[in-house]
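# Understanding the architecture of this molecule
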Amino acid sequence: MRIIPLFFLVAFGTSLAVIFTYFLLIDWTALDAAYVSFSDISTSSTDLSSLFAAQAFQNIHRINVFAEGVWVLQSLILAAIGLHGICTSRR
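Everything numeric here is computed off the predicted structure, so don't read it as measured data.

### Some words on helix 2 (residues 48-88)
- Taking 1.5 Å of rise per residue, 41 residues should cover 60 Å, and helix 2 covers 59 Å from first to last C-alpha, within 8% of that figure.
- Turning to helix 2, its buried residues are Ala54, Gln58, His61, Val65, Glu68, Gly69, Val72, Ser75, Ala79, Gly82, Gly85 and Ile86.
- Each element contacted by the buried residues of helix 2 is listed here: helix 1 (4-44).

### Side note on helix 1
- With 41 residues, helix 1 ought to run about 60 Å at 1.5 Å a step, and its terminal C-alpha atoms sit 60 Å apart, in line with that.
- Burial in helix 1 covers these residues: Val10, Gly13, Ala17, Leu24, Asp27, Leu31, Ala34 and Phe38.
- Those residues of helix 1 that are buried are in contact with helix 2.

### What to know about the side chain of glutamine 58
- The topology assignment puts glutamine 58 in helix 2.
- What glutamine 58 contacts, discounting residues up to four positions off in sequence, is Leu31, Ala34, Tyr35 and Phe38.

### Structural notes on the environment of isoleucine 4
- Relative to the helices and strands, isoleucine 4 resides in helix 1.
- Residue classification places isoleucine 4 among the partly exposed residues on the basis of a relative accessible area of 38%.

### As for the packing of aromatic side chains
- Here the structure, examined in full by the defined rule, presents 2 aromatic pairs.
- Ring centres 5.3 Å apart and planes at 70° place the aromatic pair tyrosine 22 and phenylalanine 23 in the edge-to-face group.
- Judged by its relative accessible area of 52%, tyrosine 22 falls in the exposed class.

The rules behind each value
Residues numbered from 1 in each chain as written. Predicted model: local features only at pLDDT ≥ 70, side-chain atom pairs only at ≥ 80, totals over all residues. Heavy atoms only, no water. Helix = DSSP H or I, 4+ residues; strand = E, 2+ residues; numbered from the N terminus. Expected span 1.5 Å × (residues − 1). Buried < 20%, exposed > 50% of the residue type's maximum accessible area, 1.4 Å probe, protein only. Contact = heavy atoms within 4.5 Å. Phe/Tyr/Trp six-rings, centres within 6.5 Å; stacked < 30°, edge-to-face > 60°.

Okay, structure coming up:
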C-alpha cells in the first residue's frame, strides 16, 4: 500500500518533464530565430541601439531556455526519487 504514492510520483514527474520539454523546444526555436536576427543585425547594421535591442531579445529567450531546462531536470529528479523508492521498498 505504501508503494502507490510512489507510482503517482513517478507518473507526475514524468508528465511534468514531458510538458516542460515541449515548452523548451518551442523556446529553443525562438532562440534560434532571435540568434539569426541578432547575427544579421550585427553584420549589417551600424546602429548600436538596434544591436542592443536584438541582443536583449536574444538573451530573453536564452534565459527562458535555461529556466525550462532546469524545470525538466527537476521533474526528472522527482521521477527518479519515486522510482528509487519503488525499487528499494520492501515487499
